[in-house]
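Here's the letter readout for the chains.
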Amino acid sequence: MATQAPSDLIVREMIEGELEEALDMWVAAWQAAYPAIDFDARRGWAVEHIAGLEHEGSLVVVAVGEGRIVGLLVVDPNTGYLDQIVVATDQQGRGVADALLAEARRLAPEGLDLHVNQDNVRAVRFYEKNGFRKTGTDVNPRSQAPIYKMSWRP
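For the structure given in this document, a descriptive report is provided here. Note that the structure is predicted; figures quoted are calculated from it, not measured. (Residues numbered from 1 in each chain as written. Predicted model: local features only at pLDDT ≥ 70, side-chain atom pairs only at ≥ 80, totals over all residues. Heavy atoms only, no water.)

Brief notes about the pairing of strand β2 (residues 59-65)
Phase 1 of the analysis: Within β2, six of the seven residues are buried, leaving the element largely enclosed by the surrounding structure.
Phase 2 of the analysis: Examined bridge by bridge, strand β1 (residues 10-13) and β2 share four bridges and lie antiparallel to one another. From the neighbouring strand, valine 11 faces β2, where its bridge partner is alanine 63.
Phase 3 of the analysis: As paired strands, β2 and strand β3 (residues 68-76) are joined by seven bridges and run antiparallel to one another. By the bridge assignment, alanine 63 is partnered in β3 with glycine 71.
Phase 4 of the analysis: In this structure, the hairpin formed by β2 and β3 is closed by a connection of two residues, where glutamate 66 is found at a positive phi of approximately 55 degrees. (Buried < 20%, exposed > 50% of the residue type's maximum accessible area, 1.4 Å probe, protein only. Helix = DSSP H or I, 4+ residues; strand = E, 2+ residues; numbered from the N terminus. Pairing = 2+ DSSP bridges.)

Brief notes about helix α4 (residues 121-129)
Phase 1 of the analysis: Residues of α4 that are buried include every one of Ala123, Val124, Phe126 and Tyr127, and no others. The buried residues of α4 all sit within an arc of 160 degrees when viewed along its axis, so they share a single face. Facing away from the buried side of α4, by more than 90 degrees, are the exposed residues Arg125 and Lys129. (Arc of directions from axis to C-beta.)

So, the pattern of salt bridges
Phase 1 of the analysis: Tallied over the entire structure, the rule returns 10 salt bridges.
Phase 2 of the analysis: Arginine 12 is the partner of glutamate 18 in a salt bridge, and the nearest nitrogen-oxygen pair spans 2.6 Å.
Phase 3 of the analysis: Note that arginine 68 is salt-bridged to aspartate 90, the shortest N-O span being 2.5 Å. Taken together, the residues arginine 68 in strand β3 and aspartate 90 in the loop between β4 (81-87) and α3 (96-107) connect sequence positions 22 residues apart.
Phase 4 of the analysis: Residues joined by salt bridges that share partners form a network here, namely Glu20, Asp24, Asp40 and Arg43. (Salt bridge = Lys/Arg side-chain N within 4 Å of Asp/Glu carboxyl O.)

Structural data, given as C-alpha cells:
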C-alpha cells in the first residue's frame, strides 16, 4: 500500500550546489536496487553523464521534501527521452516518483521514451502502471544487461 508523499514535496529544477546531495541519493537508491554493483564508484560517471545530457538540452529536476532531495529526474524536453528517475529508498512508494513522472510529462507532452533494465521489475511495473508500453529490447552498453525500450504517448 502506497503511503502519502511528503506534504511539503516540491518538484523543481535542480539549482547550483545541489548535485552532491542528489548524487548521494542516486548512489544509495541504485545501491539498494543492485547491491552487487558499486554505485559509489560510478559517481564520477554520473557527474559526467548528467553534465553531458544537460549540455544536449536535458533538464535536471529534483523532488524536495522533508528538507532534503528525495528524487531526481533527468529528461530532455526536446526529444522526450527520460534518462533518470530515482527516488530515495525511504521515500519509494510514497508518490515521489509519480510527481517526478508528472513533471516529465509536463516538460515533454508529446511523449516519453526510456530504457529500463529488464530485471528491474519494480521499475518496469511502475512504468507499465503509468501507461508506458514495451516497444523493444536492447542491451545496456555499460553492463551488457538486457533492457526494455518503453514509450508513453498521450
